[in-house]
Amino acid sequence: MMSIKKVFIASFALLLGACSTKTTMNYNEPYRLQYHFSPPQKWMNDPNGLIYENGTYHLFYQYYPEDIVWGPMHWGHAVSKDLIHWENKPIALFPDEHGYIFSGSAVYDKENTSGLGTTENPPLIAIFTYHKMEAEKAGDIDYQTQGIAYSLDHGDTWTMYQNNPVIANPGLKDFRDPKVFWHEASSSWIMSLVAGDHLQLFRSSNLIDWELSSTFGQGVGAHGGVWECPDLFELELNGEKHWVLLISINPGGPNGGSATQYFIGDFDGYTFSTDQEDIRWVDHGPDNYAGVTYNDVPDDSRMFIGWMSNWAYAQQTPTEAWRSSMTLPRKLSLFQATDGVRLQSQVLEAADSLKAESPSVETLDSGQSLIPFEGASQSRIYLETAAEAFSFALQNDTERVVFSINRADGEIVADRSKSGNVSFSEAFTSEELTADISYINDESLSFEIYVDASSIELLVAGGKTLMTLQVFPDQGYNQIAVDNPTNEAIRLEKQRLKGIW
Ligand code: FRU
């Protein structure tokens, strides 16, 4: 018979066991992000089907529920009321006889143009790429087609359209990632689709029959890799309207591997045109890919979410139960830069709800400062200064990530070579990470930094330049080190943030 003591120990162990399962579900594994969206378990890549409908933001995502590396793609699903706090939902789309479910978008078919719902209960329609793996393995090139699915219960359950695919493959190896929106001015659904080295624009009156209207991109912009995940939308600056086209490329990013470029131009319902000659990046950091914006946000705000990883090492990052996360959502706008109109990305006001305390504020004079900050790995840090050159680091006794700002050179250089666990892939530290700040004309610069367990998002001058990067510190960072050789003071604010899980 067990002694009372043994029974006690056994039940305690049982309890501990139960707790540790619970702990896993509570997102407490090493490197697990605390206020960013990451899948409950297993592999995730691109955000998909971003739509606001019936008071809810939907986030679908490329998901492989069987492993922590890429595999047969599904659409995972989560919902939010504020884009900050998320609730996980069951998987929305599963592979079928036409193939894996690759990236795409979602629209609310308010007038039931597709006939897949009713006028009383209009459908949500998901538009995505089918990828037929057996055909690819057999050496075919026409294995990507476009399909649709519909939901009559606000996105909870989905039915595949019975006559899929709706766009057959025209003989192009890369033919994917449909982003669809309703274009009021020409009364038509518009689809942006990428085809290797260019964009194809299609029109439709019913989301089922599509007609190619134009192409864009051959010889324009960055072409270091294949074009992926397009998005086309309108933004206004000082009463003037501009069309913005996002195109992700992999590889060929400014810091190696994948990244997202953008073009500012015009769109008339049929054709996108631009006179932009240089290459512009949504985010200069290495870890913001395949980002697109929400359809149907009230007041036409453009909310953006990116996948916070890079194909150069995404499948090797040192997590075990789950892999990779999304960026914080960002509101896109335009600003007048020294060289024309550019894209700006700001963290949403809703992120204020993450603040666990009011910021502690201090002024750092010339020289070196070491500021203890327990909990820095889940925090918001804000620096503001007219200093032309200085550096700041997030660190603990053995691990550090350093940002060196040099306004004369017009750039920020980040060094994550000693940021924590870096041994999982050479590509993670092989590139010098730089971000262009030359086009920002503000006299003093602000640096807003969101730090989570394995990510850093740096927004310069309110998001006129961004640098998003992953880091995998084994102990959290607990100090900020600033090196300021100039005579200009630096204002520093710091505060801890709450978790969302
Ligand atoms: C971008 C991408 C898309 C594709 C999806 C597959 O990261 O390669 O082009 O649809 O991922 O998971």
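Residues numbered from 1 in each chain as written. Predicted model: local features only at pLDDT ≥ 70, side-chain atom pairs only at ≥ 80, totals over all residues. Heavy atoms only, no water.

**A short note on the overall build of the chain**
What the chain contains, in helices and strands, is three helices and 34 strands. The C-alpha radius of gyration computed for the chain amounts to 23 Å, which stays within 12% of the reference 23 Å derived for 501 residues, consistent with globular compactness. On the principal axes, the C-alpha backbone points of the chain span a range of 80 × 65 × 45 Å. Taken across its 501 residues, the chain has 59% of its residues classed as buried. Put simply, of all contacts in the chain between residues at least 6 apart along the chain, 61% involve residues at least 24 apart. (Helix = DSSP H or I, 4+ residues; strand = E, 2+ residues; numbered from the N terminus. Rg over C-alpha atoms; globule rule 2.2 N^0.38 Å. Buried < 20%, exposed > 50% of the residue type's maximum accessible area, 1.4 Å probe, protein only. Contact = heavy atoms within 4.5 Å.)

**Regarding the site of the ligand**
With respect to spatial proximity, the complete set of residues near the ligand consists of Asn45, Asp46, Gln62, Trp70, Met73, Phe102, Ser103, Arg176, Asp177, Glu228, Tyr289 and Trp311. Contact distances for the ligand include 3.1 Å between an oxygen atom and a backbone N or O atom of serine 103. Surface burial for the ligand is 95%, taken as the share of its 320 Å² of free accessible area covered by protein chains. Because more than half of its atoms lie within 2 Å of the grid, the ligand is assigned to the second largest pocket. Counting only elements with at least two residues in the shell around the ligand, the list comes to β1 (42-53), β5 (100-108) and β9 (176-183). Of the residues assigned to the shell around the ligand, the class counts are five nonpolar, three polar and four charged. (Near = heavy atom within 4 Å. Polar contact = N/O pair within 3.5 Å; in protein donor to acceptor, adjacent residues only side chain to side chain. Areas by Shrake-Rupley, 256 points an atom, 1.4 Å probe, with all protein chains shown as cover. 1 Å grid on protein atoms, 1.4 Å probe; cavity = no way out; pocket = protein on both sides within 12 Å on 5 of 7 lines; lining within 4 Å. Sits in = over half its atoms within 2 Å of the grid points. Nonpolar A, V, L, I, M, F, W, Y, C, P; charged D, E, K, R; others polar.)

**Let's talk about the domain arrangement of the chain**
Taken as a whole, the chain is organised into domain 1 (12-347) and domain 2 (358-496). In this structure, domain 1 and domain 2 have C-alpha centres spaced 29 Å apart. With both sides pooled, the region where domain 1 packs onto domain 2 buries about 3,000 Å², and carbon together with sulfur makes up 56% of that total. Sorting the residues of domain 1 by area buried against domain 2 places Tyr31, Asn255 and His284 first, and these three jointly supply 21% of that buried surface. Counting across the domain 1 and domain 2 interface gives two salt bridges. Across the pair glutamate 457 and arginine 330 runs a salt bridge whose closest N-O atoms are separated by 2.7 Å. If you list the elements that add at least two residues to the side of domain 1 that touches domain 2, you get β21 (330-337) and β22 (340-347). Top element by residues in the side of domain 1 that touches domain 2 is β22. It accounts for six residues. In terms of residue class, the side of domain 1 that touches domain 2 is made up of 14 nonpolar, 17 polar and six charged. (Domains from an automatic or database assignment. Buried area = accessible area lost by both parts, 1.4 Å probe. Salt bridge = Lys/Arg side-chain N within 4 Å of Asp/Glu carboxyl O.)

**Concerning the nonpolar core**
Residues Phe37, Leu59, Leu83, Trp86, Tyr294 and Met326 are the most contacted members of the largest nonpolar core, which totals 39 residues. Those elements giving two or more residues to this core turn out to be β1, β2 (56-64), β5, β18 (289-293) and β19 (302-307). Broken down by element, the residue count for this core peaks at five residues, all from β2. Both of domain 1 (12-347) and domain 2 (358-496) provide at least three residues apiece to this core. With near-sequence residues (within four places) excluded, tyrosine 294 lies in contact with Leu50, Ile51, Tyr52, Tyr57, His58, Leu59, Leu83, Trp86, Arg302, Met303 and Ile305. Ala376, Ile381, Leu383 and Ile405 belong to the second-largest nonpolar core, a separate cluster that totals 38 residues. (Core = buried A, V, L, I, M, F, W, Y, C linked by side-chain atoms within 4.5 Å.)

**Quick look at the pattern of salt bridges**
As enumerated under the stated definition, the model contains 21 salt bridges in all. Ionic pairing is found between arginine 176 and aspartate 177, a salt bridge with its closest N-O pair at 3.9 Å. Assigned by exposure class, arginine 176 and aspartate 177 land together as buried. Taking the shortest distance from any N to any O, the salt bridge between arginine 176 and glutamate 228 comes out at 2.6 Å. One end of the pair, arginine 176, is in strand β9; the other, glutamate 228, is in strand β13 (residues 226-237), and 52 residues separate them in sequence.

**Focus: the sheet that holds strand β7 (residues 144-151)**
The strand order β5-β6-β7-β8 describes an open sheet built from four strands, whose pairing is antiparallel. Lying at the two open borders of the sheet, with one neighbouring strand each, are β5 and β8 (159-160). Here β5 pairs with strand β6 (residues 124-131) via seven bridges, running antiparallel. Counterpart to alanine 106 in the pairing with β6 is alanine 126. (Pairing = 2+ DSSP bridges.)

**Topic: a negative patch on the surface**
Taken together, the side chains of Glu234, Glu236, Asp266, Asp268, Asp296, Asp299 and Asp300 present a region of like negative charge at the surface. Relative to the helices and strands, glutamate 236 resides in strand β13. (Patch = residues over 30% accessible without salt bridge, like charges linked within 9 Å, V, L, I, M, F, W, Y side chains within 5 Å. Lys, Arg positive; Asp, Glu negative; His and termini not counted. Charge placed at Lys NZ, Arg CZ, Asp CG, Glu CD.)

**Quick word on the packing of aromatic side chains**
Any two aromatic rings considered together are summarised by their centre-to-centre distance and by the angle between their planes. As enumerated under the stated definition, the model contains 34 aromatic pairs in all. Taking the centre distance of 6.3 Å and the plane angle of 65° together, the rings of phenylalanine 181 and phenylalanine 267 count as edge-to-face. With phenylalanine 181 in strand β9 and phenylalanine 267 in strand β15 (residues 259-267), this residue pair connects regions lying 86 residues apart in the sequence. For the pair formed by phenylalanine 181 and phenylalanine 267, the shared burial category is buried. (Phe/Tyr/Trp six-rings, centres within 6.5 Å; stacked < 30°, edge-to-face > 60°.)

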